[in-house]
Amino acid sequence: MYQELAKKYDLEKRIEEITIELTSVLSVSETKGEIEVSKKVFDILSELDYYKENPNDLILQDIPTDRHGRNNVIAVLRGKKGNSKKAVSLLGHTDTVGISDYGSMIDLANKPYELTEKMTEIKNTLPKEVEMDIDREDERYLFGRGIFDMKSGDAVIIALMEAISKDLENFEGNLIYTAVCDEEVNSTGMFAAVPMLNKIREENDWDILGMIDTDYMTNEYLGDEKKYVYVGAVGKLMPSFYVVGRETHVGESFNGLDPNQISAELTRRINLNTEYCDEALGQYTLPPITLKQRDLKPEYTVQIAKTAHLFFNYATHSSTPDQVMEKMVAAAHDAMNETIDNLNVQYEKFCKLSNIEHTRLPWETKVVTFDELYKSVKSENPDLLEKELEEFRAKYLNNKELDERDYALLMVEKVHSLWSYRDPVVVVFFSPPYYPHIVVEGKNDREKNVLNAVRKAVKETDTDYELVYKNFFPYIADISFAAAPDDPKAVQALKTNMPGFGSKYIMPLDDMAELNIPVLDIGPFGKDAHKYTERVEGNYSFNVTPELVYRTVRNLLD
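Just so you know, these numbers come straight off a predicted model, no measurement behind them.

Visitor: Mind showing me how you'd approach the pairing of strand β13 (residues 307–316) here?
Guide: Side-chain direction in a regular strand flips from residue to residue, so the side chains alternate between the two faces of the sheet. Judged by how many residues are buried, β13 sits mostly within the fold: 10 of 10 residues are covered. On β13, burial covers both faces: Thr307, His309, Phe311, Asn313 and Ala315 on one face and Ala308, Leu310, Phe312, Tyr314 and Thr316 on the other are all buried. Where strand β8 (residues 235–237) meets β13, 3 bridges bridge the pair, whose relative direction is antiparallel. Note that in β13 the partner of Leu237 across the bridge is Tyr314. Pairing analysis gives 6 bridges linking strand β12 (residues 289–295) to β13, with the strands arranged antiparallel. Within the sheet, the bridge partner assigned to Thr290 lies in β13 and is Phe312.

Okay, here's the thing in structure tokens:
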């Protein structure tokens, strides 16, 4: 059935055309290009007879809370065979990361054919694997910012929607395609889309069986020739540390406690430490890695810094926010202990070298969560805390230029400044964003249906590629927001330890819990997302990916 569809509508050619058309719109996150690319998707779909006849099924969704005025595109397609109440959600994002890494080729970043030609000309100067890919006869790569992550994935969905719309009499079931903005930064688009999906489901009395994302897929290791379909999604937390030391003049070094030293020990203990790899269904996440580390001293002086700040990307397959918080508090205890012990060892050696009397330094290990800090301050002076936080929110909450992570840090600083405890301390908290992990293991009929649909699609697809389906899409993606944690303790730990949750960082947890559908990713194949050598491979991406998506959709609806 798919082969007939692909041949009749020349899907390979059409997917490539749409891929080029979307990539030509430079849509870097938090720029006007995001508005333009959403309009482009809307315009392409508007040309279909179905949407000319059913304009209410194509929505350019405004996001009133978005400071950049961006939109989502939501396209509903209703099959006419039977009167099915079943539906499948299709998801793609239209934003990209920046283009500064292209250097002298920056003007070609969104011109795939010209950039590919240029890459071919300079292939001897490129990394060896890129040169080899350009020379391969069995693969055909196209270069460009966003062509792989993930405009070719959007093109797959749009081309399939076009083809299906022309033969709805033979299509049983319904599709909901959502093209979201802001996936690469704060998921503003997905947060707005989830309530809309619930609304569409309720208004039509539909059963949404699952969500298929067509985000990218790549090799899992060097030389890997397998192609993957993923069921479920990895989660992400951002454990963060506000480190308060004791400032001192550099001429009196041992009279202070350097927060940078504690930060460095935290990084040494946590960064890429496989003890923190999270496991479920026999698969492990990557270990945590730092995303930011800095002291908070605003100027140069010969006084050491008083405070420092760092946070980590922490991937999850099974651990909940309360469990991750417990692990990070323990790591902070160990890091502060180690720093103080080492400082005392060095001070004793210095005293011997200088022939002066040695006494142990006064520092003691103290680690608290943000929730504990907040409660301590509230117990001391609740009226003052409320007054100060009210002024804080008035000053910062509507500041459109203030990053959510910086807002969280400023709030920690503010609450700490009201605390009577003035000695060194590490405050552990979560910075936005949060991505729940989603496990699809067949524990109910809905999950079994998704697993069976994927297995069958992989088996039915006629290709020479080795197709493998695995648990957990390994890259952070918006499909994580198709469900929410069902453990109240985990949700509470998240809310009370993420400063600004519910005000600066508004996450639709209730809507996510209501949506609560299994997720999977069936994406185009390529390499080097977020690099200047980003490229999509056309043979697999424009032929096999759409077939897998189509067969999975039909299997779900059947």
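Picking up where we left off.
Visitor: Is there a simple way to explain the domain arrangement of the protein chain in this structure?
Guide: Note: interface size is frequently given as the accessible area lost on complex formation between the parts. In terms of domains, the protein chain is made up of domain 1 (1–233 + 437–482 + 518–557) and domain 2 (235–434). The gap between the C-alpha centroids of domain 1 and domain 2 is 39 Å. Taken together, the 13 residues of domain 1 in the interface contact 13 residues of domain 2. Contact between domain 1 and domain 2 buries roughly 1,200 Å² in total, counting both sides, with carbon and sulfur atoms accounting for 53%. Summed over the three residues of domain 1 that lose the most area to domain 2, namely Arg67, His437 and Phe472, the buried surface amounts to 48% of that side.

Visitor: Mind showing me how you'd approach the sheet that holds strand β18 (residues 526–527) here?
Guide: Strands sit in the order β4-β19-β18 across an open sheet of 3 strands; the sheet is antiparallel. Each edge of the open sheet carries a strand with a single partner, namely β4 (141–143) and β18. Bridge count between β18 and strand β19 (residues 535–537): 2 bridges; the pairing is antiparallel. In the strand pairing of β19, Gly526 is matched with Val536.

Visitor: Is there a simple way to think about the nonpolar core in this case?
Guide: For soluble globular proteins, nonpolar side chains are generally found buried alongside one another. In terms of nonpolar packing, the biggest core is built from 149 residues, with Leu45, Tyr177, Met211 and Phe241 touching the most fellow members. Of the residues forming this core, the biggest block, 12 residues, is contributed by helix α10 (residues 321–354). The residue makeup of this core includes at least three contributed by each of domain 1 (1–233 + 437–482 + 518–557) and domain 2 (235–434). Other than its neighbours up to four places away in sequence, Leu45 contacts Tyr51, Leu58, Val73, Ala75, Ile158 and Tyr177. Listed in part, the 22 residues of the second largest apolar core include Phe370, Leu402, Met411 and Val412.

Visitor: It is not clear to me how the packing of aromatic side chains should be interpreted in this structure. Could you clarify?
Guide: Given two aromatic rings, their pairing is described by the distance between the two centres and the angle made by the two planes. If you walk through the whole model with that rule in mind, you get 21 aromatic pairs. Taken together, a centroid distance of 6.0 Å and an interplanar angle of 90 degrees make the contact between Phe241 and Phe312 edge-to-face. Taken together, the positions of Phe241 in strand β9 (residues 239–244) and Phe312 in strand β13 put the pair 71 residues apart, joining distant regions of the chain. No difference in accessibility class separates Phe241 from Phe312, as the two residues are buried. Each ring, one from Phe254 and one from Phe350, has its centre 5.5 Å from the other, and the planes form 35 degrees; the classification is tilted. With a gap of 96 residues between them, Phe254 in the loop between β9 and α9 (259–270) and Phe350 in helix α10 connect regions that are remote in the sequence. Seen from the ring of Tyr141, Arg535 lies directly overhead, with NZ or CZ sitting 5.5 Å from the centre.

Visitor: Whenever I open this one, the sheet that holds strand β7 (residues 227–233) confuses me. Can you help?
Guide: In any sheet, the strands associate via hydrogen bonds between backbone groups, in a parallel or an antiparallel arrangement. The 8 strands are arranged β1-β2-β5-β3-β6-β17-β7-β16 in an open sheet whose pairing can be described as mixed. With one partner strand each, in any of the chains shown, β1 (58–62) and β16 (467–473) form the two edges of the open sheet. Mean inter-strand twist for the sheet, computed between neighbouring axes without regard to direction, equals 25 degrees. In the sheet, strand β3 (residues 86–93) pairs with strand β6 (residues 207–213) via 5 bridges, with the strands oriented parallel. Note on β6: the bridge partner recorded for Lys86 is Asp207. Packing against the sheet, helix α7 (residues 147–165) makes contact with β2 (71–78), β3, β5 (174–180) and β6, and its axis sits at approximately 145 degrees to β3.

Visitor: Explain the environment of Ile506 to me, please; I cannot follow it from the model alone.
Guide: Counting through the fold element by element, Ile506 comes out in the loop between α15 (488–497) and α16 (509–515). Assessed through its relative accessible area of 51%, Ile506 is described here as exposed. In the structure, Ile506 is positioned 441 residues away from Thr65 in sequence and 9.7 Å away in space, judged by C-alpha atoms.

Visitor: Please explain a negative patch on the surface as it appears in this structure.
Guide: Among the surface-exposed residues, Glu202, Glu203, Asp510 and Glu514 lie close enough to one another that they form a single negatively charged patch. Counting only elements with at least two residues in the negative patch, the list comes to α8 (188–204) and α16. Tracing the backbone through its elements, the reader meets Glu202 in helix α8.

Visitor: Mind showing me how you'd approach the pattern of salt bridges here?
Guide: A side chain with one charge can pair with a side chain of the opposite charge if their charged atoms come near. With the rule as written, the count across this model stands at 41 salt bridges. Linking Asp528 and Arg535 is a salt bridge whose minimum nitrogen-to-oxygen distance equals 2.7 Å. Looking at Arg535, the relative accessible area reads 0%, which means it is buried. Here the salt bridges share partners, and the residues they tie into one network are Glu129, Asp133, Lys527, Asp528, Lys531 and Arg535.

Visitor: Which parts of the structure should I look at to understand helix α14 (residues 445–460)?
Guide: An α-helix turns once every 3.6 residues. As a result, residues three or four positions apart point the same way. Spanning 16 residues, α14 covers 22 Å between terminal C-alpha atoms, matching the ideal 22 Å at 1.5 Å per step. Within the sequence span of α14, burial applies to Glu447, Val450, Leu451, Ala453, Val454, Ala457 and Val458. Along the long axis of α14, the arc covered by the buried residues comes to 160 degrees, so they all point the same way. Turned more than 90 degrees off the buried face of α14, the exposed positions are Asp445 and Lys459. Residues of α14 that are buried sit in contact with β6, β7, β16, β17 (519–521) and α17 (538–557). Backbone nitrogen of Arg446 and a side-chain oxygen of the N-cap are separated by 3.2 Å at the start of α14; the cap is Asn444.

Visitor: What exactly am I supposed to notice about the pairing of β2 here?
Guide: Of all the 8 residues making up β2, 7 are buried; the element is thus mostly covered by neighbouring parts of the structure. Direction of pairing for β1 relative to β2: antiparallel, over a ladder of 5 bridges. Each residue of the ladder has a partner; that of Ile59, found in β2, is Ile74. When β2 meets β5, the two strands line up antiparallel, connected through 6 bridges. By the bridge assignment, Arg78 is partnered in β5 with Asn174.

What counts, and where the lines are drawn
Residues numbered from 1 in each chain as written. Predicted model: local features only at pLDDT ≥ 70, side-chain atom pairs only at ≥ 80, totals over all residues. Heavy atoms only, no water. Buried < 20%, exposed > 50% of the residue type's maximum accessible area, 1.4 Å probe, protein only. Helix = DSSP H or I, 4+ residues; strand = E, 2+ residues; numbered from the N terminus. Pairing = 2+ DSSP bridges. Domains from an automatic or database assignment. Contact = heavy atoms within 4.5 Å. Buried area = accessible area lost by both parts, 1.4 Å probe. Core = buried A, V, L, I, M, F, W, Y, C linked by side-chain atoms within 4.5 Å. Phe/Tyr/Trp six-rings, centres within 6.5 Å; stacked < 30°, edge-to-face > 60°. Lys NZ or Arg CZ within 6 Å of the ring centre and 35° of its normal. Axes fitted to C-alpha atoms, helices over the stretch in contact; angles between N-to-C directions. Patch = residues over 30% accessible without salt bridge, like charges linked within 9 Å, V, L, I, M, F, W, Y side chains within 5 Å. Areas by Shrake-Rupley, 256 points an atom, 1.4 Å probe, with all protein chains shown as cover. Salt bridge = Lys/Arg side-chain N within 4 Å of Asp/Glu carboxyl O. Lys, Arg positive; Asp, Glu negative; His and termini not counted. Charge placed at Lys NZ, Arg CZ, Asp CG, Glu CD. Expected span 1.5 Å × (residues − 1). Arc of directions from axis to C-beta. Polar contact = N/O pair within 3.5 Å; in protein donor to acceptor, adjacent residues only side chain to side chain.

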